[in-house]
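Residue-level listing of the chains:
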Amino acid sequence: ETGVTQSPTHLIKTRGQQVTLRCSSQSGHNTVSWYQQALGQGPQFIFQYYREEENGRGNFPPRFSGLQFPNYSSELNVNALELDDSALYLCASSQPGGARSGANVLTFGAGSRLTVL
Amino acid sequence: GNSVTQMEGPVTLSEEAFLTINCTYTATGYPSLFWYVQYPGEGLQLLLKATKADDKGSNKGFEATYRKETTSFHLEKGSVQVSDSAVYFCALSAPDQGKLIFGQGTTLQVKP
């Protein structure tokens, strides 16, 4: 059983550029969530995708967008990068049976570390 | 709104010492509560969870009890090891919501 895999692991961008981060969910999981973890902080919820539709969004501006594909993999896109977007971006997948279940356990990937200069 | 507060770190202990990391929460209704651990350079791993009041979650010698009356979910371990050195996150998930709300994390350093 493969876990959640993310790519790239590290990347450096400059202000104003755009970035795409990718995530493959764990086998059998149909829900994907994205979190932003700034240095020394806890992860912050960006959004969640279920059956290729956005299914909840945190307090992030529209320049943060996402996609989920039929194979349940997902992308996070960030446009017009700002210095404060520098962070570890974590993808998490969860099992079917309730994308909105509060007790659903999330399986996290190792993250993509983005540095914006 | 819903929130989680953890004790500030770092927490530095000697091997075999007793560990407590405090976590309190604010939430409407009856959230599920979690502890996640993050080892250096890795993503978050679920350590334990509890889904209702008075439930005790346990794993790898760690325990936490869901206390509704004190809105707490403190993490404990009777005898820590050097390999337990990591960042520990307390989190909650409100009913009918798939997102997790995390505390700021507590760094644990265990010295031989």
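Residues numbered from 1 in each chain as written. Chains lettered and ligands numbered in written order. Predicted model: local features only at pLDDT ≥ 70, side-chain atom pairs only at ≥ 80, totals over all residues. Heavy atoms only, no water.

Got a minute to help me understand the overall build of chain A in this structure?
Tallying secondary structure elements over chain A gives zero helices and 11 strands in all. When the helices and strands of chain A are listed from N to C terminus, the series reads β-β-β-β-β-β-β-β-β-β-β. The C-alpha radius of gyration computed for chain A amounts to 13 Å, which stays within 12% of the reference 13 Å derived for 117 residues, consistent with globular compactness. Summarising its shape, the C-alpha atoms of chain A cover approximately 40 × 30 × 25 Å along the three principal directions. (Helix = DSSP H or I, 4+ residues; strand = E, 2+ residues; numbered from the N terminus. Rg over C-alpha atoms; globule rule 2.2 N^0.38 Å.)

Just to check I follow, could you spell out the state of the cysteines for this structure?
Disulfides are covalent bonds that connect the sulfur atoms of two cysteines. Counted under the stated rule, the structure contains two disulfides over all chains. Paired by a disulfide, A:Cys23 and A:Cys91 hold their sulfur atoms 1.9 Å apart. Measuring the twist about the S-S bond at about -65°, one finds the A:Cys23-A:Cys91 disulfide to be left-handed. In this pair, A:Cys23 sits in strand β3 (residues 19-24) while A:Cys91 sits in strand β9 (residues 87-94), placing the two residues 68 residues apart along the sequence. You'll find A:Cys23 and A:Cys91 in the same group, each marked buried. Between the sulfur of B:Cys23 and that of B:Cys90 lies a disulfide, 2.0 Å long from S to S. (Disulfide = S-S within 2.5 Å. Buried < 20%, exposed > 50% of the residue type's maximum accessible area, 1.4 Å probe, protein only.)

I tried to follow the environment of A:Tyr72 on my own but got confused; where do I start?
Relative to the assigned elements, A:Tyr72 resides in the loop between β7 (64-68) and β8 (74-78). Here A:Tyr72 is in contact with A:Ser25, A:His29, A:Asn30 and A:Val32, once residues within four sequence places are set aside. (Contact = heavy atoms within 4.5 Å.)

I would appreciate a short explanation of the interface of chain A and chain B in the present structure.
Put simply, an interface is often sized by how much accessible area is lost when its parts join up. Each partner contributes to the interface: chain A provides 21 residues, whereas chain B provides 21 residues. For the chain A and chain B pair, buried surface summed over both sides reaches about 1,500 Å², with 56% attributable to carbon and sulfur atoms. On inspection of chain A and its partner chain B, the count reaches zero salt bridges. Only β4 (31-37), β5 (44-50) and β9 of chain A provide two or more residues apiece to the side of chain A that touches chain B. (Buried area = accessible area lost by both parts, 1.4 Å probe. Salt bridge = Lys/Arg side-chain N within 4 Å of Asp/Glu carboxyl O.)

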